[in-house]
Amino acid sequence: MGHPQVAGVGLTHFGKHPERTTRDMFAEAGLTALDDAGVDSDDIESVFYGNFIGEVSEDQGHMGPISAEALGIDAPATRIESACASSGVAVREAVKNVRSGESDAVIVGGAERMNNLGTAETTASLALAADDLYEVRVGMTFPGAYALMADAYFEEYGGSREDLAYIAQKNHANAVDNEFAQFQYEIDIDDALDAPPVAEPLHLYDACPVTDGAAAAVIVSEEYAANNNLDIDVRVTGSGQGSDNLALQDREYLTQTPAATNAANEAFDDATIGPADVDLAEVHDCFTIAEVLALESMGIFDHGDGINAARRGDTLPEGDIPVNLSGGLKAKGHPVGATGAAQIAEMTRLLRGDHHNSEYVSDSSVGITHNAGGTVASTVVHVLEVDQWVMLAMLDTMNYSRQLMRVMATISSAKMSMGHCHHDVYAHTVVQLILKKCHSPMQGKSLHTQRSMSRLHGSAKTLRIMSWSSIMDRCSWQDNSLVLMIMISRTGLMLQSNSVTRQKQANRSWRSFRLENNTSSLLAGIVSFSSFKIWDERLNTWY
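Residues numbered from 1 in each chain as written. Predicted model: local features only at pLDDT ≥ 70, side-chain atom pairs only at ≥ 80, totals over all residues. Heavy atoms only, no water.

(A) Up close: helix α1 (residues 22-37). Over its 16 residues, α1 extends 22 Å from the first C-alpha to the last, a length consistent with the 22 Å expected when each residue adds 1.5 Å. Buried within α1 are the following residues: T22, M25, F26, A27, A29, G30, A33, L34 and A37. Where α1 is buried, its residues touch β1 (5-11), β2 (46-50), α3 (63-70), β4 (105-112) and β7 (213-220). Directly beyond the C-terminal end of α1, a positive phi value near 70° is found at G38. (Helix = DSSP H or I, 4+ residues; strand = E, 2+ residues; numbered from the N terminus. Expected span 1.5 Å × (residues − 1). Buried < 20%, exposed > 50% of the residue type's maximum accessible area, 1.4 Å probe, protein only. Contact = heavy atoms within 4.5 Å.)

Structure representation (structure tokens):
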């Protein structure tokens, strides 16, 4: 059935909104998502809604039909509860529903109202996600549980409160310009270290806030998108879910979260990628230590290495793998039943280029979301990918990436070494050089270099077959050398294929491009040395 497409997303402001009901907030998020998608509510065939404590905060169960009614939708509606992972699981069910062909268009999301309760009542409500018999009755709270996990981590791997403070500082900085975030202000390391304790070693700025809010996404099939002329950039290519024993005392580890490992492995296998292919992540940082555990359990960092990632700069916006560019639960907020869907909404906007922090991931094509319930007894991981032509279009309006620079440098080198040759031979040779660069030994190279090479090779391998007029129509690039890069990569890879059919497709595609775009004059301008002179000057500083 193809990969489900994220057609549109919607969010409410996350913060203190005790006067608003969950149905009111979900209506805002859901209608925004439908408008963003350009999908009529009459086309929605299923509704999936995540909520955790509606029975406590609003004396309301049976919330599935209410969620559909709030959007004016007449379709089967299901409420899903999995503690803090409620809407993450809802997204997974929505993805499975579309993949199976049961529905062509669904809306999924969640909402939570918490600030109408007092602090004690909110704490007791959230404790419903812990083991009542073995944890809650003896006074365990979630700050206390994550404090135990942090202590165990420090004892096994090392680390300090200061390492956690760097995570808090990063996520607050990421949320400053997020219009939906609860905390839109920065903190420094001293602010985090000097904050009052919640449960040692965790202090106030190590914990996420109590939040009201809602999020939604419209997910459609490839067939629906094509039939309705929807211009969709982001696909859900992988989905995974894992579980663990509920009580910490029954866990094999306090310093690892196997539910996250299992969910990530399933999602990566589903998307046919690995941890090294991930460009950015939105993870469930209900406490700062939770970000560390999430990244290590998913294989993004080795065990014991994630605690220093923010301090080293690896997870900063300019780092190798930006984490929680939305601000995360820590600063964006954590309306429990909405968080998983909110991660999907934030990741979609980051990948398609309309997020306040998209500039930092302009060369990225693979993002993951990690949504956990309780002390990670439940976890859902999703892989979202953006079409390659969208990624390249973003590069034209933002800073050029190192990945693009490497490709253009290779093209430029080939031009200078080959002189004026037949264009077919030129294209074939350039792609050979690109693939040779991508397949050079990985051993000894930095993780950043390995990821860049992997993304470059993946970009060349996954470019779609489409007419050149279609490509030109969809691109608004002033510099058509980017179009040439796509043409070269796709044609050259096909010419190297053992499949006679694919070789014929490549030749037809090349001839089509030449006919549709007056190649003799186009290539004369694009492939000339002068076209690459600016890039060569930029490359002198690093290549």
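(B) The packing of helix α7 (residues 161-175) against helix α11 (residues 288-297), seen in detail. At a closest axis distance of 8 Å, the pairing of α7 and α11 adopts a crossing angle of 95°. Comparing the axis directions of α7 and α11 gives the class roughly perpendicular. Across the interface between the two elements, L164, I167, A168, K170 and N171 of α7 pack against T288, I289, E291 and V292 of α11. Here the residues of the contact of α7 with α11 sort into 5 nonpolar, 2 polar and 2 charged. (Axes fitted to C-alpha atoms, helices over the stretch in contact; angles between N-to-C directions. Parallel < 35°, antiparallel > 145°, perpendicular 65-115°, else oblique. Nonpolar A, V, L, I, M, F, W, Y, C, P; charged D, E, K, R; others polar.)

(C) The arrangement of the environment of Y224 in detail. Relative to the helices and strands, Y224 resides in helix α9 (residues 222-227). On the accessibility criterion, Y224 (10% relative accessible area) is buried. C-alpha separation for the pair Y224 and P4, spaced 220 residues apart in sequence, amounts to 9.9 Å. The residues contacting Y224, other than those within four sequence positions of it, are V39, D43, D104, A105 and L230.

(D) Up close: the nonpolar core. The biggest cluster of nonpolar side chains holds 36 residues, and the ones touching the most others in it are Y146, Y153, L164, L202, C286, F287 and I289. Those elements giving two or more residues to this core turn out to be α6 (142-157), α7 and α11. Excluding anything up to four places from it in sequence, I289 contacts Y146, A150, Y153 and L164. Grouped together as the second largest cluster of nonpolar side chains are 34 residues, A94, I219, L351 and L384 included. (Core = buried A, V, L, I, M, F, W, Y, C linked by side-chain atoms within 4.5 Å.)

(E) Molecular detail of α11. Counted residue by residue, α11 has 10 buried out of 10 residues, so it is predominantly covered. Looking at α11, one finds that the buried residues are T288, I289, A290, E291, V292, L293, A294, L295, E296 and S297. Elements in contact with the buried residues of α11: α6, α7, β6 (202-203), α10 (258-271) and β10 (366-373). Phi turns positive one or two residues past the end of α11, at G299, with a value near 85°.

(F) Local environment of the environment of R99. In this fold, R99 is placed in helix α4 (residues 86-99). A relative accessible area of 25% places R99 in the partly exposed class. Of the polar contacts made by the side chain of R99, one reaches the backbone oxygen of T237; its length is 3.2 Å. (Polar contact = N/O pair within 3.5 Å; in protein donor to acceptor, adjacent residues only side chain to side chain.)

(G) Examining the packing of aromatic side chains more closely. Under the defined criterion, the tally for this structure stands at 4 aromatic pairs. Relative to Y157, the ring of Y153 has its centre 5.0 Å away and its plane inclined at 55°; by these criteria the two rings are tilted. Residue Y153 and its partner Y157 are located together in helix α6, separated by 4 residues, close to a single helical turn. Residue Y157 is classed as partly exposed on the basis of its relative accessible area of 27%. Aromatic side chains F183 and Y185 sit 5.6 Å apart centroid to centroid with 45° between the ring planes, which places their arrangement in the tilted category. (Phe/Tyr/Trp six-rings, centres within 6.5 Å; stacked < 30°, edge-to-face > 60°.)

(H) Representation of the pairing of β2 within the structure. Taken across its 5 residues, β2 has 5 buried, putting it largely inside the fold. The two faces of β2 match: S46, F48 and G50 on one face and V47 and Y49 on the other face are all buried. In this sheet, β4 lies alongside β2 in parallel orientation, the contact comprising 5 bridges. The residue of β4 that forms the bridge with V47 is I107. Note: β2 against strand β3 (residues 77-80), 4 bridges, orientation parallel. Note on β3: the bridge partner recorded for Y49 is R79. (Pairing = 2+ DSSP bridges.)

(I) Seen up close, the environment of Y153. Judged by relative accessible area, Y153 falls into the buried class, the value being 0%. Along the backbone, Y153 and L254 are 101 residues apart, and their C-alpha atoms lie at a distance of 7.4 Å. What Y153 contacts, discounting residues up to four positions off in sequence, is G158, T255, I289, V292, L293, E296, G304, D305, G306 and I307.

(J) Main features of the confidence of the model for the protein chain. Confidence along the protein chain averages 81 in pLDDT terms, with 71% of residues attaining 70 or more. Between residues 389-446, whose pLDDT stays under 50, and residues either more than four places distant or in other chains, the model counts 130 contacts. (pLDDT = per-residue confidence, 0-100.)

(K) Here's a closer look at the side chain of S239. Within the fold, S239 resides in strand β8 (residues 234-243). A polar side-chain atom of S239 sits 3.1 Å from a polar atom in the side chain of R92. Setting aside residues up to four positions removed in sequence, S239 forms contacts with R92, E266, A267, D270, V381 and H382.

(L) Geometry of the pattern of salt bridges. If you walk through the whole model with that rule in mind, you get 17 salt bridges. Note that E58 is salt-bridged to R113, the shortest N-O span being 3.3 Å. Within this pair, whereas E58 is found in the loop between α2 (54-57) and α3, its partner R113 is found in the loop between β4 and α5 (119-126), the two being separated by 55 residues in sequence. Each member of the pair, E58 as well as R113, is classed as buried. D305 is the salt-bridge partner of R312, the closest N and O atoms lying 3.2 Å from each other. According to the relative accessible area criterion, D305 is partly exposed, its value standing at 30%. Salt bridges here are not isolated pairs; linked through shared partners, they connect R20, D24 and E28. (Salt bridge = Lys/Arg side-chain N within 4 Å of Asp/Glu carboxyl O.)

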